[in-house]
Amino acid sequence: MANLNTTTMTNLNLKPHVIVYVCIHFVMPCAVAIGIIGNLLSILVFARREMIKFCVSIFTIVLALSDILLLTTSLFNIILPVFLGESMSDISAFWCHFHGYFDLLFAALSGYSVVFISVERWFSVWKPFDKAKYVTFKTTIITVVSYITISLITFSWFPLILEYSPENTKSGERCQLKLRIIYKIFGTLSVIFTYIVPFIFLGILNTLIVYRLHARQQTSIQRSMTSSGSTNVDPTLGSASTRKRQRQRNIDRNITFMLIAVAIAFMVMSFPFQIYWFYMQIRKLTTPDPVLFTLTQTFRYLNCCCNFFLYSATSSLFRRELREIFQCSNSSTNQKKDSNILQGGPVSRTRTPSSPPTYSTNMNDAKGERKKLLTISAPVTTTTIENVNLSVTPIEPTNGHVVTFKT
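Residues numbered from 1 in each chain as written. Predicted model: local features only at pLDDT ≥ 70, side-chain atom pairs only at ≥ 80, totals over all residues. Heavy atoms only, no water.

Undergrad: Explain the pattern of salt bridges to me, and be specific about the residues and the numbers.
TA: Applying the stated criterion across every chain yields a total of eight salt bridges. The residue Glu324 makes a salt bridge to Arg48 at a minimum N-O spacing of 2.9 Å. Here Arg48 lies in the loop between helix H2 (18-46) and helix H3 (49-52) and Glu324 lies in helix H12 (residues 316-342), a separation of 276 residues in the sequence. Taking relative accessible area as the criterion, Glu324 reaches 29% and is therefore assigned partly exposed. Exposure remark for Arg48: the relative accessible area of 23% places this residue in the partly exposed category. With its nearest N and O atoms 2.5 Å apart, the salt bridge here joins Arg300 to Asp103. On the criterion of sequence distance, the pair formed by Arg300 in helix H11 (residues 290-314) and Asp103 in helix H6 (residues 93-126) is long-range, its members being 197 residues apart. An identical accessibility class is assigned to Arg300 and Asp103; each is buried. (Salt bridge = Lys/Arg side-chain N within 4 Å of Asp/Glu carboxyl O. Helix = DSSP H or I, 4+ residues; strand = E, 2+ residues; numbered from the N terminus. Buried < 20%, exposed > 50% of the residue type's maximum accessible area, 1.4 Å probe, protein only.)

Here it is as structure tokens:
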């Protein structure tokens, strides 16, 4: 398998090639670092409220997780052995038995995640009215658990065909293949299950999706031409529900284009390595060509780190949610800074005893203004009441006295 070839790559006594050196020392480490960061950001975006309401987001989260684990496996299978000068399978008995198992498992999870993404998009494009019946969150979770369980069982043969001999002092020969016939039979079946079957399904499903989208585009162009030719169309007739439906259709089409790009990238970048593997089995080669092997593995791992950039390039919804994540992080950091400033220490307040409080002077000014107004308005009121004779005699005494007013 691919991973037994990786254990022998470090032991080839060949002249160093510039392509091998550049790929292993620069391209692959960058792909691992960028891929892990990009897939973590993808998980954060697809887990947001606006994205998780789509069932396909669960498949994309599983795809990002499997890509992270596959990149981590490549770190131990290819990159570290070159820098250490010794294969990890010779150092650890656990890694001797499970290095190929992990590689096949995570590659299968990535492949079938992309397959079921395309199945969900096929329902969205070809059977939009039946999608709500077949594609639900319950069926999505059941599907994810099913193909993870099947993959765990399918590759359980791999640890059994290897033997670790710690007493062997020769480098590169502690981890040896002991059941070659089982390796060839089950290895071929595993490669077909992991790569060939997903490739066939992806080719068929995405061809149907693209065909349907092209037919819809032609139909919409014809409708727009007929509607523009008629002069009796009122542009205000579109209801709110129609506009909402159109906006939802645009979002769905945007997600479809994004996931078609992911599927095409997976087929193009992961398939060459398996073609080379079958070529090795047909020619009965025990030692791979270092240049071809390194190039095909590099493309395989570049596919794991390119999905984040495909999401960002093809989906405006993904870009908007990604911007909101960074805006939320910036606002939270600003709030933390403000709280630290407020909690930094006591604020010193000094009062000068020579300067009186401003509110007392304002009160004195108000009293003076009130007196001035009363003195001005007094003659006016006396002159108006001067010519009026009022005689008020209350009917009943007030507190035992009769009060008479005469003016």
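Undergrad: Please give an account of the state of the cysteines that cites residues and values.
TA: Throughout the structure, instances matching the rule amount to one disulfide. A disulfide bridge connects Cys96 with Cys175, and the sulfur atoms are separated by 2.0 Å. Between Cys96 and Cys175 the disulfide shows an S-S torsion of about 85°. By sign, it is right-handed. One end of the pair, Cys96, is in helix H6; the other, Cys175, is in strand E2 (residues 175-177), and 79 residues separate them in sequence. Assigned by exposure class, Cys96 and Cys175 land together as buried. (Disulfide = S-S within 2.5 Å.)

Nothing here speaks to function; it is all geometry.
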